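Structural overview for review
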Amino acid sequence: MIDVAVVGASGYIGGELLRLLLDHREVRVGAAVSARLAGSRVDRVHPNLRGRTDLTFTDPDALGEHDVVFVAVGQTDGLELVPRLRRRATCLIDLGADFRLRDPDAYARYYGTAHTAPELLESFVPGLPETHRAELAGADAVSMPGCMAVASILALRPLAEAGVVAGPVTVDGRIGSSGSGVRAEQMNLHAERSGAMRLFAPAGHRHEAEIAQATGLTARMSATGVEAVRGAQVVCRVPVREPLGDKEVRRLYRDRYQDEPFVRIIAQRRGLYRLPEPKILSGTNYCDVGFAADPQTSTVVAVAALDNLVKGGAGGAVQCMNIRMGWPERLGLEFPGLHPV
């Protein structure tokens, strides 16, 4: 059994990490770190954990050494924190944005500030098992992609690898309110968000850089906040070199994902859930991917959905830990979701 710590444990992602890790048979949660709530009980802010743990939040300065440290803090907070914490962990898994991009110039362009630890960027392995499983097996530093980046990469990767993409792709992302974090600003108050479909990033969304880095494709991305708490969905319009039919596209996806434990191909002609739908993925570590081929315009519409807090965050991080420790990849992540919800 290994000892783990969660830094940023009072946030939504931190709470999901605690939920998954407390039920993981190979893990002992040694510390839940929060500067803001140090000394308070964890179940004060994560009521779903009542009766599951007596942990209290630890001040960051009191954090000792652990086998794995998960870091779930806001943008730019990791620039100072992550380099310091790397010395306290055999393996550090960062769920923030600061070590996702290997190019410091791209980071400055998309995040509006200079990267203060560019020498560390190359040492982080992207936390996406479907593309970096072999490297994760020996990784001491892992950087988790953003939730809509995960969905986009998994939607686009089979087409990119097959070499059928003819030009830039457009990505339309939709995200629930939990994607803004526990300390969201006024725009995410219920009174302001309820009933709204807020296009908060009409162009140049930050995940463009992650998609390009992982797939080699040029992506133009927009993002809309929708009236849901959990869930992310992306709709990617992909120009292809020659017309493709459904059978040809399905074969590309099947060949790429048939052995993946947490990617399911959903592209059906009948039923209520014919394409990936975030609603039925709440709480699960699955990413559902699907497509609609349009031979008339030589276009493929690629769709993916996931729970932004699980496969797009905490669950993906636990999956990476399982790989790093040589455990079964599904360990602690087998919840199948609920229906109806």
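So, here is what we can say about the structure in this document. Given the structure is predicted, the values throughout are model-derived calculations rather than measurements. What you see as residue numbers is a count from 1 along each chain, following the sequence as written. Only residues with pLDDT of at least 70 are given local features in this predicted model, and only at 80 or more are side-chain atom pairs given and counted; all residues enter the totals for whole chains, interfaces and linings. With hydrogens and water set aside, each side-chain value is computed from the structure's full complement of heavy atoms.

**As for the sheet that holds strand β11 (residues 232–239)**
One requirement defines pairing of two strands: DSSP has to find at least two bridges between them. Helix and strand labels come from DSSP, where a helix needs a run of H or I of at least four residues and a strand needs a run of E of at least two; each type is numbered from the N terminus. With mixed pairing, the seven strands of this open sheet are ordered in space as β9-β10-β8-β11-β14-β13-β12. Two strands bound the open sheet, and with one partner strand each, they are β9 (198–201) and β12 (263–265). Pairwise comparison of adjacent strand axes, ignoring direction, gives a mean angle of 25° for this sheet. Pairing between strand β8 (residues 169–175) and strand β10 (residues 219–225): seven bridges, direction parallel. Bridged to Gly173 within β10 is Ala223. Here an axis means a line fitted to C-alpha atoms, over the contact stretch when the element is a helix, while the angle between two N-to-C directions is reported on a 0 to 180 degree scale.

**Some words on the packing of aromatic side chains**
Stacked, tilted and edge-to-face pairs are distinguished by plane angle, under 30 degrees for stacked and over 60 for edge-to-face with tilted covering the rest, among Phe, Tyr and Trp rings (Trp via its six-membered ring) whose centres lie within 6.5 Å. By the definition in use, this model includes five aromatic pairs. Pairing Phe99 with Phe124 gives two aromatic rings, centres 4.8 Å apart and planes at 25°, and the pair type is stacked. One end of the pair, Phe99, is in the loop between β5 (89–94) and α3 (104–111); the other, Phe124, is in the loop between α3 and β6 (125–126), with 25 residues separating them in the sequence. Since its relative accessible area comes to 2%, Phe124 is described here as buried. A centroid spacing of 4.9 Å and a plane angle of 20° characterise the contact between Tyr107 and Tyr111, whose relative ring orientation is stacked. Taken together, the residues span about one helical turn, with Tyr107 and Tyr111 both in helix α3 at a distance of four residues. In this pair, the class of Tyr107 matches that of Tyr111, namely buried. Among the aromatic residues, those joined into a cluster by ring pairs are Tyr253, Tyr257 and Phe291. Ring-over charges, as used throughout, are those where CZ of Arg or NZ of Lys falls within 6 Å of the ring centre and within 35 degrees of the ring normal. The residue whose ring lies beneath Arg264 is Tyr286, and the NZ or CZ to ring-centre distance is 4.1 Å. Positioned above the aromatic ring of Phe262 is the side chain of Arg330, whose terminal nitrogen or guanidinium carbon lies 5.6 Å from the ring centre. Burial status follows relative accessibility: with a 1.4 Å probe on protein chains alone, a residue under 20% of its type maximum counts as buried, one over 50% as exposed, and anything between as partly exposed.

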